[in-house]
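Chains, contacts and geometry: an overview
The primary structure of each chain is shown beneath.
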Amino acid sequence: SAVISQKPSRDICQRGTSLTIQCQVDSQVTMMFWYRQQPGQSLTLIATANQGSEATYESGFVIDKFPISRPNLTFSTLTVSNMSPEDSSIYLCSVATGAYGYTFGSGTRLTVV
Amino acid sequence: DAKTTQPPSMDCAEGRAANLPCNHSTISGNEYVYWYRQIHSQGPQYIIHGLKNNETNEMASLIITEDRKSSTLILPHATLRDTAVYYCIVSGNTPLVFGKGTRLSVIA
């Protein structure tokens, strides 16, 4: 299955600032997915990122708040913009890996103060 | 919304089999049943998946009923390291939608 490197693993940020999270995959993949996991909750899909096209956002998530880049088939970034304490969550990227279903990164634990 | 229903929590004695149920009565013909687990807020870990036949791998067994409306994940000899939240997900060629899962506590 694919191996995902996600950076940073954790960060503490001031409200009103932005953080960019990177997701690097060791193989080429068509679709990458970004999830949010709020404290004590399950994972919620933010968006699907295809290379060469605009990301597709789920209901409740907008591009201005969570801009996504997908410059090639092995890399994607998610930016959390104009952060507030409500954005404190774990952010995870994921890719489809065929026979093994989907592989997830280890996540970025974000705390906004 | 998630298309599965799971009990919120279960306990299992160490060394015994853990049987985790999942209902997915609205599953479509082309949708697979996936099981993942999440330990200490790490990224979810793939366990097993199946379409309609029972499946077994080195981690677990998946039993799917003939009508495909429910399934059971079996961890044959649970250890303390199996304590985690277990998610049952049905999905075709679409991103995974997570429900609340079952919090399994393996007790010594």
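Read on for a plain summary of the structure. (Residues numbered from 1 in each chain as written. Chains lettered and ligands numbered in written order. Predicted model: local features only at pLDDT ≥ 70, side-chain atom pairs only at ≥ 80, totals over all residues. Heavy atoms only, no water.)

All names here are of chain A. Between Lys-7 and the following residue, Pro-8, the backbone shows a cis peptide bond with an omega angle of -10 degrees. One can find Pro-8 in the loop between strand S1 (4-7) and strand S2 (10-13). Phi is positive for Asn-82, which is not a glycine, with a value near 45 degrees. Mapping Asn-82 onto the fold places it in the loop between strand S8 (75-80) and strand S9 (89-96). Among the residues examined, Asn-82 registers a relative accessible area of 53% and is labelled exposed. (Helix = DSSP H or I, 4+ residues; strand = E, 2+ residues; numbered from the N terminus. Buried < 20%, exposed > 50% of the residue type's maximum accessible area, 1.4 Å probe, protein only.)

Our next topic: the side chain of Ser-88 of chain A. Residue and element names in this part refer to chain A. Of note, Ser-88 is situated in the loop between S8 and S9. When its relative accessible area of 17% is taken as the criterion, Ser-88 is described as buried. Here the side chain of Ser-88 touches Pro-85 through a polar contact of 2.9 Å, landing on its backbone oxygen. Contacts of Ser-88, omitting those with residues within four sequence positions, involve Pro-39, Leu-110, Thr-111 and Val-112. (Polar contact = N/O pair within 3.5 Å; in protein donor to acceptor, adjacent residues only side chain to side chain. Contact = heavy atoms within 4.5 Å.)

On to the packing of aromatic side chains, then. Pairs of aromatic rings are described using the distance from one ring centre to the other and the angle between the two planes. Under the counting rule described, the total for this entry stands at 13 aromatic pairs over all chains. With a centroid separation of 5.8 Å and an interplanar angle of 75 degrees, the aromatic rings of Tyr-36 of chain B and Tyr-46 of chain B are classed as edge-to-face. Taken as a pair, Tyr-36 of chain B in strand S3 (residues 32-38) and Tyr-46 of chain B in strand S4 (residues 45-50) lie far apart in primary sequence, 10 residues in all. The buried category is assigned to Tyr-36 of chain B, whose relative accessible area is 0%. Accessibility expressed as a relative area gives 19% for Tyr-46 of chain B, which makes it buried. Every member of this aromatic cluster is reached through a ring pair, and the members are Phe-33, Tyr-35, Tyr-102 and Phe-104 of chain A together with Tyr-32, Tyr-34, Tyr-36, Tyr-46, Tyr-87 and Phe-98 of chain B. (Phe/Tyr/Trp six-rings, centres within 6.5 Å; stacked < 30°, edge-to-face > 60°.)

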